[in-house]
Amino acid sequence: TLLTACGGGSDSAGGGAVTLGFSQVGAESGWRTANTKSVQESAKSAGIELKFSDAQQKQENQISAIRSFIQQKVKVIAFSPVVESGWDTVLKEAKTANIPVILTDRSVDSADKTLYKTFLGSDFVTEGKKAGTWLTKEFASATGDVNIVELQGTTGSAPANDRKKGFADAIAGQAKFKVVASQTGEFTRAKGKEVMEAFLKSQSKIDVLYAHNDDMALGAIEAIEAAGKKPGTDIKIVSVDAVKDGMQALADGKINYIVECNPLLGPQLMDLVKKVAAGQEVPTRIETEETEFDQAKAKEALPKRQY
Ligand code: GZL
């Protein structure tokens, strides 16, 4: 776990700087890199002293980082939970220490909603629905089976669970759409490539890849090309995130559609931190603005893309 401090300045009461302990999932994808940059830059410009921890995608590292923040008596704790379950004990410790907690990006399945002040992030079920809805339109005229393989995100994470559910809901009731294989690619390029290689060996016909993030789609593209097939043509690809490399592949016709998931949560997070630090009430859920891209829209958006 990497604990670093950055930022500084005075809080709204004019006392010392508000200290924020932030536990980040890791550095597994382009999305995560952009999210980390947004949090760190926003803390600096908001004059908030940031203690930042990278958990390398391990829940035990996030739990120990949160315990360390409690010991350091930070003013506010924020984190993106790598998986949905297993947080109640440490969140109760934060509550006992009177340190408010903000969830960003991913959520937890705790029944006790008093364990955190708010959730700031995307609706992943909607993201999955958008991907599935595009697919049903793209293959509306298909008469035979449409064989789909799915690269899931990190097992047990909110985005993996919810993107899978939203997609399944969107294609439900249309028997021609068949998910013939579905496995985690851990949100990384390397694992996405490895699992796609296995899918290509085990499946006689693959029409579509649904990847829960661009990094896995980009890894899968390498596997598809190595198998002598054309990504975006022989195998259609729909993905989520809309990071620069994914958008470039979309502009190049190797990916066919991307549902955006906005990583730039920093500014809204720092506003929430200041409000919560000052004891102000905040909404229990704040969803981020995000859109979806086809090839034309990606070409237009690419030059000014921040991430
Ligand atoms: C989604 C975020 C996911 C991204 C992946 O909000 O948690 O984790 O979609 C990232 O790229 O690894």
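In this text, all values refer to a predicted model and were calculated from it rather than measured experimentally. (Residues numbered from 1 in each chain as written. Predicted model: local features only at pLDDT ≥ 70, side-chain atom pairs only at ≥ 80, totals over all residues. Heavy atoms only, no water.)

Caption draft 1: How the structure looks around the pairing of strand β3 (residues 49-54). With respect to burial, β3 is a largely interior element, five of its six residues being buried. Summarising the sheet, strand β2 (residues 19-24) and β3 pair through six bridges and their orientation is parallel. Each bridged residue has a counterpart across the sheet, and for glutamine 24 the counterpart in β3 is aspartate 54. As a crossover connection, the stretch from β2 through helix α1 (residues 30-46) into β3 is right-handed. (Buried < 20%, exposed > 50% of the residue type's maximum accessible area, 1.4 Å probe, protein only. Helix = DSSP H or I, 4+ residues; strand = E, 2+ residues; numbered from the N terminus. Pairing = 2+ DSSP bridges. Right-handed = clockwise from strand over helix to strand, strands pointing away.)

Caption draft 2: Region of interest: the site of the ligand. Near the ligand lie 13 residues; those nearest to it are Glu28, Asp105, Arg106, Arg163 and Asp241. In this structure, aspartate 241 approaches the ligand through a side-chain N or O atom, which is 2.6 Å from an oxygen atom. When the ligand sits alone it has 320 Å² of accessible area, and the protein chains cover 100% of it. At the level of elements, α1 and α5 (158-171) are the ones that each hand at least two residues to the shell around the ligand. Taken together, the residues of the shell around the ligand break down into five nonpolar, two polar and six charged. (Near = heavy atom within 4 Å. Polar contact = N/O pair within 3.5 Å; in protein donor to acceptor, adjacent residues only side chain to side chain. Areas by Shrake-Rupley, 256 points an atom, 1.4 Å probe, with all protein chains shown as cover. Nonpolar A, V, L, I, M, F, W, Y, C, P; charged D, E, K, R; others polar.)

Caption draft 3: Here's a closer look at helix α7 (residues 214-226). In this model, α7 (13 residues) spans 18 Å end to end at C-alpha, consistent with the 18 Å of a helix rising 1.5 Å per residue. When you tally the buried positions in α7, you get 10 out of 13 residues, the bulk of the element. Those residues of α7 not exposed but buried are Asp214, Asp215, Met216, Ala217, Leu218, Gly219, Ala220, Ile221, Ala223 and Ile224. At the exit of α7 stands glycine 228, carrying a positive phi of roughly 80 degrees. (Expected span 1.5 Å × (residues − 1).)

Caption draft 4: Looking closely at the pairing of strand β11 (residues 257-260). Burial along β11 is two-sided: Tyr257 and Val259 and Ile258 and Glu260, pointing in opposite directions, are all buried. By the bridge criterion, four bridges tie strand β10 (residues 236-241) to β11 in an arrangement that is parallel. Bridging from a neighbouring strand, serine 239 pairs with isoleucine 258 of β11. Running through helix α8 (residues 244-251), the crossover from β10 to the neighbouring parallel element β11 is right-handed.

Caption draft 5: Broad picture of the nonpolar core. Of all hydrophobic cores here, the largest spans 31 residues; its most connected members are Leu151, Met196, Phe199, Leu209, Met247 and Ile255. Among the secondary structure elements, those contributing two or more residues to this core are β7 (146-152), α6 (189-202), β9 (208-211), α7, α8 and α10 (295-301). With seven residues, the single largest contributor to this core is α7. Those residues in contact with isoleucine 255 that lie beyond four places of it in its chain are Ala217, Ile221, Ile237, Gly246, Ala249 and Leu250. (Core = buried A, V, L, I, M, F, W, Y, C linked by side-chain atoms within 4.5 Å. Contact = heavy atoms within 4.5 Å.)

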